[in-house]
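Structural overview
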Amino acid sequence: MLPLKNRLKKKKDFENVFTEGKTAKSRYFFLKTLKTNSIDSRIGFIVSKKVSKKAVERNRVKRLFREAVRLDIARIKPGYDLVFIVLNSVKEKELTEIKKEVEFILGKYGLLI
RNA sequence: GUAAUAGAAAGAACAAUCGCCCUAUUUUUAGGGAGGAAAGUCCGAACUUCCAUUCCGAAAGGAAUAAACAGGUAGCGGGUAAUUCCCGUCAUUCGCGCAAGCGAAAGAGAUGCGAACAGAAACGCUCUAAUUCGAAAGAUGAAGAGCAUCCCUUUGGGAUGAACUCUUAGGGAAACCUUUGAGAUGAAACGGCUAAACUCUUACCCGGAAGCAAGAACAAAUCUUCUUAUAAAGAAGAAAAAAGUAGUUCGCUAGAGGUAUUAAGCAAUUAAUAUCCCAGAUAGAUGAUUGUUUAGAAACAGAAUUCGGCUUACUAAUCUAUUACUAUU
RNA sequence: GGAUGUGUGGCGGAAUUGGCAGACGCGUACGUUUCAGGUGCGUAUGAAGUAAUUCAUAUGGGUUCGACUCCCAUCACAUCCA
């Protein structure tokens, strides 16, 4: 789980990111980004029922993504709001695979220090 | 040994590193952190608000649920806060199964028992022998006057019993069971099916509806008024009252609670005593990596107001009782 | 989280005091009209089987002589509640 200051929580924040943010696409997820110039970067995750109908599987996917981001949290540039929208193809993938993909996309769009 | 039926128990533990939620202490430590189904939302209860009625009160408000309507339950007896649940009895009848066993049924009324096909005839009260009689036999169908046992010289004939009504005695907590005697009937006394969509009756239960996204408290904004400045729109500021949105807090987890012992009871369960505190989030915690143990760590699956049931999903290896068949002694 | 509703051919959609399932429209195929196409008209159109027949109203049970309809369980989809 991420520290409290790095979590995106409010519904309005999510809506802002959706309406004004930029989109990047990966094999496993969409990434929406918005520059806010605040002290910390905040990150949210969305796993819809399209991914799986079972709550256990959705929780599992969410936790794997959180873990992948948590391990790199120090390297992410401050002052951004990020939202990961997880796609169906991520099912039954390992942590290392997800972590690799997340790092690749963040690096590609210049969000890593 | 194989197959089956009924039931019981289990649903990993420990350690290290990096993280998250809650509580306490206080500023870094300690303790706790998903399930047997957390699921389906099929029953039921607590709790909250609204509605109805009654009572108390000057009012504000508080308390209660009697009756009626509507609704629910249904072998019988017991348990529970309550139930479509649980326990006992397996009491009667019916259906399924070789069997162990499993499933269904409160009682009555009126109404109805279609079309097609088969059949002589669809509620039945018939037909088949030259005629009459025959509770035999046969035919059609989902359904048609029948059932059981026994005997004989078998186009068939005969005996006894139950079934129906009344009645005697005994057993049982009761449903009911066993039992004594008499009568009726021989083709018409009488009887079958039909509510899991109707109506009524009996006994018992229950005010009705909606649900924690229930609801309660605080409360920016907005609106109103005033002041300042202004040609006006508007802007800025302040204030009392109203308002109840965004948001925050409560509801929220100590409970019809768990564990142990004793007592009552066949049991479900109840009572007493001791002891324990065991998730409480709100973009929503309980995760990641590695090692050890073990035959194995797989399957179904994630708390969201709480609790009691039912139902469904599922894993590997077990245990107990019973039934059928087979083999051996 | 809580509360409701729906499910019938390839598609939409009829049929309910329980009594002939698949009306009707669209689509598809074939024929016909035309120089050709379209339109129009006609026929066929759930599955298995040579046929008789059997199975089919989301799935599985039950009640009933008889179930799309009544009852129970399961599955899928949709709607509402801050």
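Relevant structure appears above.
Residues numbered from 1 in each chain as written. Chains lettered and ligands numbered in written order. Predicted model: local features only at pLDDT ≥ 70, side-chain atom pairs only at ≥ 80, totals over all residues. Heavy atoms only, no water.

A closer look at the protein's contact with RNA strand B
Neighbouring RNA strand B are 17 residues; Met1, Arg7, Leu8, Lys54 and Arg60 lie closest to it. In RNA strand B, atoms within 4 Å of the protein come 69% from sugar and phosphate. Arg7 places a polar side-chain atom, nitrogen or oxygen, 2.9 Å from a sugar or linking oxygen of RNA strand B. Of all the elements, helix α2 (residues 55–70) adds the most residues to the surface near RNA strand B, at eight residues. Residue classes in the surface near RNA strand B are distributed as eight nonpolar, one polar and eight charged. (Near = heavy atom within 4 Å. Polar contact = N/O pair within 3.5 Å; in protein donor to acceptor, adjacent residues only side chain to side chain. Helix = DSSP H or I, 4+ residues; strand = E, 2+ residues; numbered from the N terminus. Nonpolar A, V, L, I, M, F, W, Y, C, P; charged D, E, K, R; others polar.)

Quick notes on the layout of surface pockets
Put simply, the largest pocket is a space of about 220 Å³. Lining the largest pocket are 13 residues, with Lys22, Thr33, Tyr80, Tyr109 and Leu111 positioned closest to its centre. Residue contributions to the lining of the largest pocket peak at four residues, all from strand β2 (residues 29–35). Along the lines of polarity and charge, the residues of the lining of the largest pocket split into six nonpolar, four polar and three charged. (1 Å grid on protein atoms, 1.4 Å probe; cavity = no way out; pocket = protein on both sides within 12 Å on 5 of 7 lines; lining within 4 Å. Points joined across faces, edges and corners; volume = space filled by probe spheres on them.)

With respect to the side chain of Asp81
Counting through the fold element by element, Asp81 comes out in strand β4 (residues 80–86). A distance of 3.1 Å separates a polar atom in the side chain of Asp81 from a polar atom in the side chain of Arg42. Among residues more than four places away in sequence, those in contact with Asp81 are Leu8, Val17, Lys32, Thr33, Leu34, Thr36 and Arg42. (Contact = heavy atoms within 4.5 Å.)

What about the packing of aromatic side chains?
Taken as a whole and assessed by the stated rule, the structure comprises five aromatic pairs. Where Phe29 meets Phe65, the ring centres are 5.6 Å apart and the plane angle is 90 degrees; that geometry is what we call edge-to-face. Of this pair, Phe29 sits in strand β2 while Phe65 sits in helix α2, placing them 36 residues apart in sequence. Take Phe29: its relative accessible area is 1%, and that puts it in the buried class. A residue is classified by how much of its surface remains accessible, and Phe65, at 1% relative accessible area, is buried. (Phe/Tyr/Trp six-rings, centres within 6.5 Å; stacked < 30°, edge-to-face > 60°. Buried < 20%, exposed > 50% of the residue type's maximum accessible area, 1.4 Å probe, protein only.)

A word on the packing of α2 against helix α3 (residues 95–108)
Running from N to C, α2 and α3 point in directions that differ by 55 degrees, and their axes come no closer than 9 Å. With respect to their mutual orientation, α2 and α3 come out oblique. For the element pair α2 and α3, the recorded crossing hand is right-handed. Where α2 abuts α3, its residues Leu64, Phe65, Glu67, Ala68 and Val69 lie against Leu95, Ile98, Lys99 and Val102. (Axes fitted to C-alpha atoms, helices over the stretch in contact; angles between N-to-C directions. Parallel < 35°, antiparallel > 145°, perpendicular 65-115°, else oblique. Left-handed = near helix turned anticlockwise from the far one by under 90°.)

Brief notes about the pattern of salt bridges
If you walk through the whole model with that rule in mind, you get five salt bridges. Measuring nitrogen to oxygen at the nearest pair gives 3.1 Å for the salt bridge that ties Arg42 to Asp81. Of this pair, Arg42 sits in strand β3 (residues 42–46) while Asp81 sits in strand β4, and the two are 39 residues apart along the sequence. Assessed through its relative accessible area of 25%, Arg42 is described here as partly exposed. Note on Asp81: relative accessible area 3%, which makes it buried. Notably, a salt bridge pairs Lys99 with Glu103, separated by 3.3 Å at the nearest N-O pair. Linking Lys99 with Glu103, this pair stays in helix α3, spanning four residues, or about one helical turn. Taking relative accessible area as the criterion, Lys99 reaches 24% and is therefore assigned partly exposed. On the accessibility criterion, Glu103 (26% relative accessible area) is partly exposed. (Salt bridge = Lys/Arg side-chain N within 4 Å of Asp/Glu carboxyl O.)

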